[in-house]
Amino acid sequence: MQHPELCFSDPDLKHGTVQQSPVLGPKAISGNFASVFSVTATSGQRYALKCFTRDSTTLGKRYSAISTALGGLGGSGGSGAGGLSQPWPVGFDFLEQGVLVGREWYPAVKMTWVQGTGLINWIERNLHDPAALHTLADRFLAMTADLERNGIAHGDLQHGNLLVADDATFRLVDYDGMYVPALRGEQATENGHRNYQSPSRTAADFGPAMDRFSAWTIELALLAVATDPGLWTQLHDRHGEFLILSEADFKEPATSLAWPLLLGHPDRRVRDVAGRVKGFLGKPASALPPLTARAVKLPAQRTASASASTSGVGTGTGTGGYGAGGALGGGRPTVTSWTPAASGASASGVPAWMAGRIAASTAPSAAAQPPAQQLAAGLAGFSGFGGRGVGDLVAGLGALLSTSVPGALVLAAAQPVDVLPAAQGVALLTSAVMVGFGRRRRPEYRAAHKRVRDLKRRSRELADPASAHQRLEKEIRVLDDAVAKDNTASDQRIQALQLELRDAQARITMELNRRTDQAQQQLAGLAAQEQRRVAKALEPAIRAHIQDKLRRTSIQEARSLSNMGNKMVQALQDAGIRTAADFIGVDFSHNPSVVYLVRPGGQRVRVPGIGEARATVLSDWRQGLERRARAAAPTTVPPAAKAQIKADIAILRRTHKAEIKQAEAEAMQKKAALQQRITDERARLTTQRQQRAMDTQRKRAELLHRQKQLAGAEVERVRVEAELGVARREARGTLGAGKYLRFLLTGR
């Protein structure tokens, strides 16, 4: 690569410049099957040169078929016959003589260098632009429709092979595993990225339907993140090679954090598409439906779309094309997010989805009502006290006791008469405090007091509408910032829970593997252990056989040995060695010139005339006898002993298998408990987030309603002042201290 003029035959490459790394020479982007180099021709055109690292005799045939198929698709242009929704194909040339290595040419693929942004980077840059994300999801739908319509499948749809151009259209790269109709009957050369493929995919799935699972997975991710950007923070791992779903979610959906989050999401369309994708797990690629714009709509939207198509109103004119605005024909629903938004309120300041859910304070302005109705509404707000409660009884009893205690004490002579006036004053004051405390605890009084406060604040706002408008704008911004901060913290906590789940599951799996590996090793060693026990059980019989053979072999037979004769044999017999069993070896350890024969009990015996040479001959003779005796020894243990050994081994085998089952059961219990704890915590966070969103939307709607009322500030102020006067009079009259005292006494 450092000498293009020598290693390339293609004219563009031969005179081009290969991108270099500062230290290692030509800079390569390496994958499983190939390395890609950047080469810039003299014309300035940049190419990606793919050099294969694995031998494949079918590359030429495959790329020839792919080139023919892609060349027949026609250009982009929307709905025309044979037209593409966008210029996603990338031009390439298959070079039989691609690169020269030594004296041999190897094939390579020359592709036009694509300028674009990787899908993950593009999503992160546009994370808070739902419209852009929805448009990109539409264009992904259109691209997959192009592929389906022409019977083509990419084979490895994943974020690394999807580039987004400056005009937010896709460029699809890496065609090594692509299927085109001319390759029918061939086998797949790869099974695609593990985080985008069904666990059941095999090389036999090579065909026009093999992209469907990965296409649905990518569309779900784009749709979910466009609807709720928080899902990206919660489910995407910045160090992971996936969008929001990974191989673990496909292989072990029961322990996945992603599926409950998606299947329980407030947005119905996210739930619907997530449910369909999860339902695809375990199904063959040929059984999956193609990804279409109609397939990702809700049932009601499909019905409406079908009705519109029948009537000829509002429909697109082609398949996979784009109308004005870049959306697919028939359109996608507008962005609906359950998180607070800066817009989307109705004319009354209330978001459409909150209609019928917010308090009466967000109803249409009271300024639109006639004054008589306003006063009637004000009067209706204070209809007196309701039923007495425990607090009222305590307040009444306390007031009664505090009033009557001084007089009772005087009558009982417990205190002087001259302190009665002061004590009675204190008692009356205490009684008033008790009555006042009870009155302030009543919900009617608190509601009236709040109404007066709100009207006072409203009156002050209307006195300076410009300042009030700015204050309300600031309150709205603070509200939005607070909920955004809370949602970010919630997203980070959920992401931390995912990492905690993954790490804890990995630790449980490692411990399980350690325990089961030990048990498996012990199981594998049972056969050898059985052999050792059989050999051990045979050893006494073998020793007895050898001893019997040695005892029956007289030392007289040693006369035939070299340098041995009757005299030496007689000397051995005189020393007590009459058979081969009467000595077990020789000992040269003390003095090489003095040799001892070792008796079975360990005693050393010196035999006159037996030196080193004769002792060695005797030892070899005895060892030969022992070897021959061992060879003729029994080879089977008694049936009873053998049965006992097998029974013991069977018990050990059952024990080790039980250990494996116990370890697996304990691991499953730990994983289930971990999953339950993480799921409960995530559900709590999700519930809090949803409640926070509802509360924020309600408060936001109230602030927007107050802003709207500032438009007719003078008229509204007159109305508010009048209503404030009515509220004060009613609060002092209907809910006054006297009324409350009568309420305590009579209950009315």
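Residues numbered from 1 in each chain as written. Predicted model: local features only at pLDDT ≥ 70, side-chain atom pairs only at ≥ 80, totals over all residues. Heavy atoms only, no water.

Undergrad: Hey, could you run me through the overall build of the chain in this one?
TA: What the chain contains, in helices and strands, is 22 helices and 14 strands. Relative to its full complement of 748 residues, the chain shows a buried share of 43%. Partitioning the contacts of the chain with sequence separation of at least 6, the portion at a separation of at least 24 is 70%. As displayed, the chain offers around 38,900 Å² of accessible surface, 55% of which is attributable to carbon and sulfur atoms. (Helix = DSSP H or I, 4+ residues; strand = E, 2+ residues; numbered from the N terminus. Buried < 20%, exposed > 50% of the residue type's maximum accessible area, 1.4 Å probe, protein only. Contact = heavy atoms within 4.5 Å. Areas by Shrake-Rupley, 256 points an atom, 1.4 Å probe, with all protein chains shown as cover.)

Undergrad: Before we go on, may I ask you to explain helix H19 (residues 612–631) in this structure?
TA: An α-helix turns once every 3.6 residues. As a result, residues three or four positions apart point the same way. Over its 20 residues, H19 runs 29 Å from end to end, which matches the ideal 28 Å to within 8%, given 1.5 Å per residue. What H19 keeps buried is the set Ala-615, Leu-618, Ser-619, Trp-621, Arg-622, Gly-624, Leu-625 and Ala-629. (Expected span 1.5 Å × (residues − 1).)

Undergrad: Sorry, what's going on with the pairing of strand S7 (residues 92–101) here?
TA: Side chains on a regular strand alternate between the two faces of the sheet. As judged from the seven bridges shared by S7 and strand S8 (residues 104–112), these two strands associate in the antiparallel manner. Among the inter-strand pairings, Leu-100 is bridged to a residue of S8, identified as Trp-105. The turn linking S7 back onto S8 is made up of two residues, and Gly-102 within it adopts a positive phi angle of 70°. (Pairing = 2+ DSSP bridges.)

Undergrad: Sorry if this is basic, but what is going on with the side chain of Gln-86 here?
TA: Mapped onto the secondary structure, Gln-86 falls in the loop between helix H3 (59–71) and S7. Looking at Gln-86, its side chain comes within polar contact range of the side chain of Ser-85, at 3.1 Å. At a separation of 2.9 Å, a polar atom in the side chain of Gln-86 contacts the main-chain amide nitrogen of Phe-170. (Polar contact = N/O pair within 3.5 Å; in protein donor to acceptor, adjacent residues only side chain to side chain.)

Undergrad: Please explain the pairing of strand S5 (residues 34–40) as it appears in this structure.
TA: Among the seven residues that make up S5, six are buried, leaving the element largely enclosed by the rest of the structure. Sheet analysis places strand S1 (residues 17–18) next to S5, joined by two bridges and oriented antiparallel. Note that in S5 the partner of Thr-17 across the bridge is Thr-40. Linking S5 to strand S6 (residues 46–52), which pair antiparallel, is a turn of five residues; within it Gly-44 sits at a positive phi near 100°.

Undergrad: Teacher, can you tell me more about the sheet that holds strand S11 (residues 170–172) here?
TA: Adjacent strands of a sheet form backbone hydrogen bonds with each other and so pair up, either parallel or antiparallel. Spatially, S9-S10-S11 is the arrangement adopted by the three strands of the open sheet, whose pairing is antiparallel. Two strands bound the open sheet, and with one partner strand each, they are strand S9 (117–118) and S11. Pairing of strand S10 (residues 162–164) with S11 involves three bridges; the strand directions are antiparallel. Its bridge partner being in S11, Leu-163 is matched across the sheet by Arg-171.

Undergrad: Help me understand the environment of Pro-465 in this model?
TA: On the secondary structure map, Pro-465 appears in helix H16 (residues 465–524). Exposure remark for Pro-465: the relative accessible area of 31% places this residue in the partly exposed category. Taking C-alpha positions, Pro-465 is 8.9 Å from Gln-707, a pair spaced 242 residues apart along the chain.

Undergrad: Just checking my understanding: could you explain the state of the cysteines for this structure?
TA: By definition, a disulfide links the sulfur atoms of two cysteine residues through a covalent bond. Tallied over the full model, the rule gives zero disulfides. Of all cysteine sulfurs, the one in Cys-51 lies closest to Cys-7, which takes part in no disulfide; the gap is 8.3 Å. (Disulfide = S-S within 2.5 Å.)

Undergrad: Would you explain the pattern of salt bridges in this entry?
TA: Close approach of charged atoms lets side chains of opposite charge pair. Counted according to the given criterion, the structure contains 29 salt bridges. A salt bridge links Lys-110 to Asp-10; its shortest N-O distance comes to 3.2 Å. A residue pair is termed long-range when its members are at least 10 positions apart, and Lys-110 in strand S8 and Asp-10 in the loop between helix H1 (4–7) and helix H2 (11–14) qualify at 100 residues. Through salt bridges that share partners, Glu-539, Arg-543, Arg-622, Glu-626 and Arg-630 make up one connected network. (Salt bridge = Lys/Arg side-chain N within 4 Å of Asp/Glu carboxyl O.)

Undergrad: How do you make sense of helix H17 (residues 526–551) when you look at a structure like this?
TA: An ideal rise of 1.5 Å per residue puts 38 Å on 26 residues; H17 measures up with 38 Å between its terminal C-alpha atoms. When the local axis directions of H17 are compared, the greatest deviation, roughly 35°, occurs at Glu-539, which is followed within four positions by the proline Pro-540. Within H17 the residues assigned to the buried category are Leu-526, Glu-530, Leu-538, Ile-542, Ile-546 and Leu-550. (Bend = angle between axes of the 7 residues up to and from the residue.)

Undergrad: Teacher, can you tell me more about a positive patch on the surface here?
TA: The grouping of Lys-456, Arg-460, Arg-471 and Arg-728 at the surface amounts to a positive patch. Examined against the element boundaries, Arg-460 turns out to sit in helix H15 (residues 443–463). You can call Arg-460 exposed: its relative accessible area is 55%. (Patch = residues over 30% accessible without salt bridge, like charges linked within 9 Å, V, L, I, M, F, W, Y side chains within 5 Å. Lys, Arg positive; Asp, Glu negative; His and termini not counted. Charge placed at Lys NZ, Arg CZ, Asp CG, Glu CD.)

Undergrad: I keep staring at the environment of His-265 and nothing clicks. Help me out?
TA: By secondary structure assignment, the location of His-265 is in the loop between helix H9 (258–263) and helix H10 (268–279). According to the relative accessible area criterion, His-265 is buried, its value standing at 3%. Measuring from C-alpha to C-alpha, the distance between His-265 and Leu-231 comes to 9.8 Å, with 34 residues separating the pair along the chain.

Undergrad: Honestly, the packing of aromatic side chains in this entry has me stumped. Any pointers?
TA: Between two aromatic rings, the relevant description is the distance of the centres plus the angle of the planes. According to the stated counting rule, one finds seven aromatic pairs in the structure shown. Centroid distance Phe-213 to Phe-250: 5.0 Å. Interplanar angle 80°. Geometry classified as edge-to-face. Pair noted here: Phe-213 is in helix H6 (residues 212–227) and Phe-250 is in helix H8 (residues 247–251), with a separation of 37 residues, a long-range link. Their ring planes at 75° and their centres at 5.4 Å tell us that Trp-216 and Phe-280 sit as a pair that is edge-to-face. (Phe/Tyr/Trp six-rings, centres within 6.5 Å; stacked < 30°, edge-to-face > 60°.)

Undergrad: I'm lost on the confidence of the model for the chain in this one. Help?
TA: Looking at the chain as a whole, the pLDDT averages 78, with 73% of positions reaching at least 70. Scored below 50 in pLDDT, residues 308–382 makes 127 contacts in the model with residues more than four places away or belonging to other chains. (pLDDT = per-residue confidence, 0-100.)

Undergrad: Before we go on, may I ask you to explain the nonpolar core in this structure?
TA: Grouped burial of nonpolar side chains is what soluble globular proteins tend to show. With 94 residues, the main nonpolar core has Leu-119, Ile-123, Phe-140, Tyr-175 and Leu-262 as its most contacted residues. When sequence neighbours within four positions are dropped, the list of residues in contact with Leu-262 reads Leu-220, Ala-224, Leu-231, Leu-235, Ile-244, Leu-245, Val-270, Arg-271 and Ala-274. Listed in part, the 28 residues of the second largest apolar core include Met-568, Val-569, Ala-580 and Val-595. (Core = buried A, V, L, I, M, F, W, Y, C linked by side-chain atoms within 4.5 Å.)

Undergrad: Explanation requested: the packing of H6 against H10 in the structure shown.
TA: What describes two packed helices is the angle between their axes and the distance between those same axes. Between H6 and H10, whose axes approach to 10 Å, the crossing angle comes to 160°. By the angle between their directions, the pair H6 and H10 is classed as roughly antiparallel. You can see that H6 and H10 cross each other, and the crossing is left-handed. Where H6 abuts H10, its residues Phe-213, Trp-216, Thr-217, Leu-220, Leu-223, Ala-224 and Thr-227 lie against Arg-269, Val-270, Val-273, Ala-274, Arg-276 and Val-277. Tallied by class, residues from the contact of H6 with H10 come to nine nonpolar, two polar and two charged. (Axes fitted to C-alpha atoms, helices over the stretch in contact; angles between N-to-C directions. Parallel < 35°, antiparallel > 145°, perpendicular 65-115°, else oblique. Left-handed = near helix turned anticlockwise from the far one by under 90°. Nonpolar A, V, L, I, M, F, W, Y, C, P; charged D, E, K, R; others polar.)

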